[in-house]
Every structure is written in C-alpha cells, then in structure tokens.
Amino acid sequence: MITEPRIPDPDGFYAALLAAHEGLDEARSADLNARLVLLLANQCGDQQVLLECIRAAAEDSRTSKAT
C-alpha cells in the first residue's frame, strides 16, 4: 500500500478538502466524507487495496486516540 503523497499538490488538496467542509455541521461533514470515500473507492477499483486502507486508517485512528 502506498502511503506517501503521489499527487502534485497535496497541500492544495488538503486545503480544498477543508474548504468543502467549511460551514457544515458534524453530520453533513461526515456525509461528505462518506460520499468522497465511495467516489475515490470507485476510482481505485481494487477491493484488496481498499480493505488495506480501511485497516490502516482504523489502526491510525485507534493509535492517535490512545496517545
């Protein structure tokens, strides 16, 4: 699984993502994230990679909450 950025402007992507969430309440922000994940999953098209990414993201979330 590739974990380092492969897009030309990761900071610009992050800024656009934050801007998309601006003004949204928590529920709408979560909905936006869910829709985005599904759209990106369709672009990836590799279920094994997607499952590895879910496991990695879940592990990161558990680790960051524990510290």
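*Asks:* Could you clarify how one ought to interpret helix H2 (residues 26-44) in this entry?
*Replies:* Side chains three or four residues apart in an α-helix point the same way, a direct result of the helix having 3.6 residues per turn. For H2, with 19 residues, the first-to-last C-alpha span of 27 Å sits near the 27 Å given by 1.5 Å per residue. Residues of H2 that are buried include every one of Ser29, Leu32 and Ala41, and no others. Two or three places before Ala27, at the opening of H2, Asp25 has a side-chain oxygen 3.2 Å from that residue's backbone nitrogen.

*Asks:* Explain the environment of Ile54 here, please?
*Replies:* Secondary-structure assignment places Ile54 in helix H3 (residues 47-66). With a relative accessible area of 56%, Ile54 lands in the exposed category. In the structure, Ile54 is positioned 24 residues away from Ala30 in sequence and 16 Å away in space, judged by C-alpha atoms.

*Asks:* Can you help me understand a nonpolar patch on the surface in this one?
*Replies:* A contiguous nonpolar surface patch, about 420 Å² in accessible area, is contributed by Ile7, Phe13, Tyr14 and Leu18. Considering the arrangement of structural elements, one finds Ile7 in the segment before helix H1 (10-21).

Analysis parameters
- Residues numbered from 1 in each chain as written.
- Predicted model: local features only at pLDDT ≥ 70, side-chain atom pairs only at ≥ 80, totals over all residues.
- Heavy atoms only, no water.
- Helix = DSSP H or I, 4+ residues; strand = E, 2+ residues; numbered from the N terminus.
- Expected span 1.5 Å × (residues − 1).
- Buried < 20%, exposed > 50% of the residue type's maximum accessible area, 1.4 Å probe, protein only.
- Polar contact = N/O pair within 3.5 Å; in protein donor to acceptor, adjacent residues only side chain to side chain.
- Patch = residues over 30% accessible without salt bridge, like charges linked within 9 Å, V, L, I, M, F, W, Y side chains within 5 Å.
- Areas by Shrake-Rupley, 256 points an atom, 1.4 Å probe, with all protein chains shown as cover.
- Salt bridge = Lys/Arg side-chain N within 4 Å of Asp/Glu carboxyl O.

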